[in-house]
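Here's the letter readout for the chains.
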Amino acid sequence: MKLSKFNKSVVLAFSILWIMTGLLAYTNANSKDRADEANVLLSMDKGDLVAQINNNQSGGSSISQNVAKMLDIVRRLNMIYVDEVDNDQLITDAINGMLKGLDPHTTYFSPDEFAKFSSSTKGEFGGLGIQIDKKGDFITVVSPIEGTPAYKMGIMAGDMIWKVDGEDISGITTDESIKKMRGAIGSEVVITVIRPGVKEALDFKIVRDVIKIKSVPYSFKLDNNVGYIRMSQFNSNTSTELSAALDKLEADGMEGLIIDLRFNPGGLLNEAINTVNEFIGPNKRVVYTQGRANFANDEYFTEKDIKRNDYPIVVLINEASASASEIFSGSMQDYDRGLVLGKTSFGKGSVQQLFRLTDGSGIKITTSHYYINSGRCIHKIINDKILTGKKVTKEEQEDIEKTNHEHIYHTQKGRVVYGGGGINPDIVIEADTLSRFELELRRKNYFFDFAVEYMLEHSDDVDLDFRADDKVVSAFYEFAREKTIESLIENPEIDNVSTNTIDLANPNPNDVENSKDFVKLSLTSEIIEKKFGSQEGYRIRIAMDTQLQEAKKLFDRYDTLEEMFEYSESLKKDD
């Protein structure tokens, strides 16, 4: 019997809803046994499956009744709605509406979206280099990826993307925004952002590139013989890169280590476990998951027979450290292997599974939450409300933070740590913020552009001891003045939006004086980087990094990790 377009849509709706209801109750998992269990459930007769799900409900209408209600609505719309309806779109909207009431990470993908999403998880793609999520009406930057075009241009965590090439994208989905921001390698795109604390919108012209992420972009010794390792994310090469960096630093005789996980959005769970393994040895539980379905519950242990020497370690985190970076930092805390310094981490501790549906579409479902060995749940529930656009008052946030500190847990040695969302550092250190004048200089990319021109004439004069002096700073401001005037002539309607109160053609003398150290260090790092590479430039920039400098001071004051722990405990008593 030939099905009509409407009947095909009804069949499709039933199929998708049966699959989804099964998935919502019996999610797939990584191990073969759990996968087999889920497959058996999904292959059940639809009537038996619905009956089983209905039996699991605590009350209210059965799923079969609600599905029938929805299909009755679709039938009526097809019969009497004023305009012809698109049944496929109705079903898609119904699915999205059903998922909207859950958490922001449980999402449906059309066949095209699913194919693109799957390809984007392979570690290399063309784009700008930003981790994004939706916050209210705006696509918001969670973290710029280190070394990428967006990072180099000064895109910052918290920037709300307003326009792409002049088109207002507020209100669209995350996946739709990705489509607009990605494009041919080498092509340009103008991103307009709204930055908290800055009244005017900011425009960034960015050249798209292949995004290749190095997990450990920087590793070197500081001047006090302490090693420094920057971990930007947890991908398939993280533990290998970390091991190589540790081997070199240990061979160089480092006496302590700083591991920097700030702005690290996370990544692969197994790599988080393998990196922790380097410091705590084998057969130690790092993390476990708990969910409603039995097979969503699991424990993860270190397996490799390796363990580094017991030199003191400080782990740096901030509000943009998420997921696997929270597992790593929290586990180092749990096993008393590292002191955590910075700001409370993001609190992304939910576990998602990705499923392909029969028509090529897909669904990503949150199945459980992560708990580290001490029993602390990483996930911060309030983030789900914020990311789905729900209003959260300041009082609610303060109440949640207070409640979090009422959840007391203990490390292996009995130190008190707090749970309830994110990793709370042992020592809280605020990060420095740039002035609006400094932000504008960085946003305009003038340091980078000046360094390029400077090296054309002075490359032979630049060595590793180079430092920008007053003469270089004066040349820079003349360069900035000329570039600003040119820009205003070429694009008056764009530049006036963001520079009507920060005049870089005639900067305020107070701004110039107050930003003297920032400008000198920025110029020095950019010029050094052009001659000797990004790591050498980065080594200069960290002199402006308050959190890192405070971590460094701990090693100057204390010889052992136990002494650092005692100091952190004394700070808590003072509070």
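Details of the structure are given in the entry above.
Described in the following lines is the structure provided in the data block. Being a predicted model, the structure only gives us computed values, none of them experimental.

1. As for empty space enclosed by the protein
Turning to step 1, where the next piece is worked out: Counting across every chain of the model gives two cavities of 30 Å³ or more.
Turning to step 2, where the next piece is worked out: Of the pockets and cavities examined, the largest cavity occupies roughly 70 Å³.
Turning to step 3, where the next piece is worked out: Surrounding the largest cavity, 10 residues form its lining, Val198, Leu202, Arg436, Leu439 and Glu440 being those nearest its centre.
Turning to step 4, where the next piece is worked out: When residues of the lining of the largest cavity are assigned to their parent elements, the largest contribution, four residues, is made by helix α14 (residues 436-443).
Turning to step 5, where the next piece is worked out: When its residues are assigned to classes, the lining of the largest cavity shows four nonpolar, one polar and five charged.

2. Observations concerning the sheet that holds strand β10 (residues 218-221)
Turning to step 1, where the next piece is worked out: One open sheet holds the six strands; their spatial order is β10-β11-β12-β15-β16-β21, and the pairing between them is mixed. Of all strands in the sheet, those with a lone pairing partner are β10 and β21 (427-428), marking the two edges.
Turning to step 2, where the next piece is worked out: Bridge count for strand β15 (residues 313-317) against strand β16 (residues 339-342) is four bridges, and the pairing is parallel. Within β16, the residue paired with Val315 across the bridge is Val340.

3. Regarding the packing of aromatic side chains
What characterises a pair of aromatic rings is the spacing of the ring centres plus the angle enclosed by the ring planes.
Turning to step 1, where the next piece is worked out: Within this structure, the stated rule accounts for 18 aromatic pairs.
Turning to step 2, where the next piece is worked out: An angle of 80 degrees between the planes, with centres 6.2 Å apart, marks the rings of Phe279 and Phe328 as edge-to-face. Here Phe279 is found in helix α10 (residues 269-280), whereas its partner Phe328 is found in helix α11 (residues 324-334), with 49 residues between them in sequence. With respect to class, Phe279 is no different from Phe328; both count as buried.
Turning to step 3, where the next piece is worked out: Ring geometry for Phe450 against Phe476: centres 5.7 Å apart, planes inclined by 85 degrees, an arrangement best described as edge-to-face. A residue pair is termed long-range when its members are at least 10 positions apart, and Phe450 in helix α15 (residues 446-458) and Phe476 in helix α16 (residues 470-490) qualify at 26 residues.

Conventions used here
- Residues numbered from 1 in each chain as written.
- Predicted model: local features only at pLDDT ≥ 70, side-chain atom pairs only at ≥ 80, totals over all residues.
- Heavy atoms only, no water.
- 1 Å grid on protein atoms, 1.4 Å probe; cavity = no way out; pocket = protein on both sides within 12 Å on 5 of 7 lines; lining within 4 Å.
- Points joined across faces, edges and corners; volume = space filled by probe spheres on them.
- Helix = DSSP H or I, 4+ residues; strand = E, 2+ residues; numbered from the N terminus.
- Nonpolar A, V, L, I, M, F, W, Y, C, P; charged D, E, K, R; others polar.
- Pairing = 2+ DSSP bridges.
- Phe/Tyr/Trp six-rings, centres within 6.5 Å; stacked < 30°, edge-to-face > 60°.
- Buried < 20%, exposed > 50% of the residue type's maximum accessible area, 1.4 Å probe, protein only.

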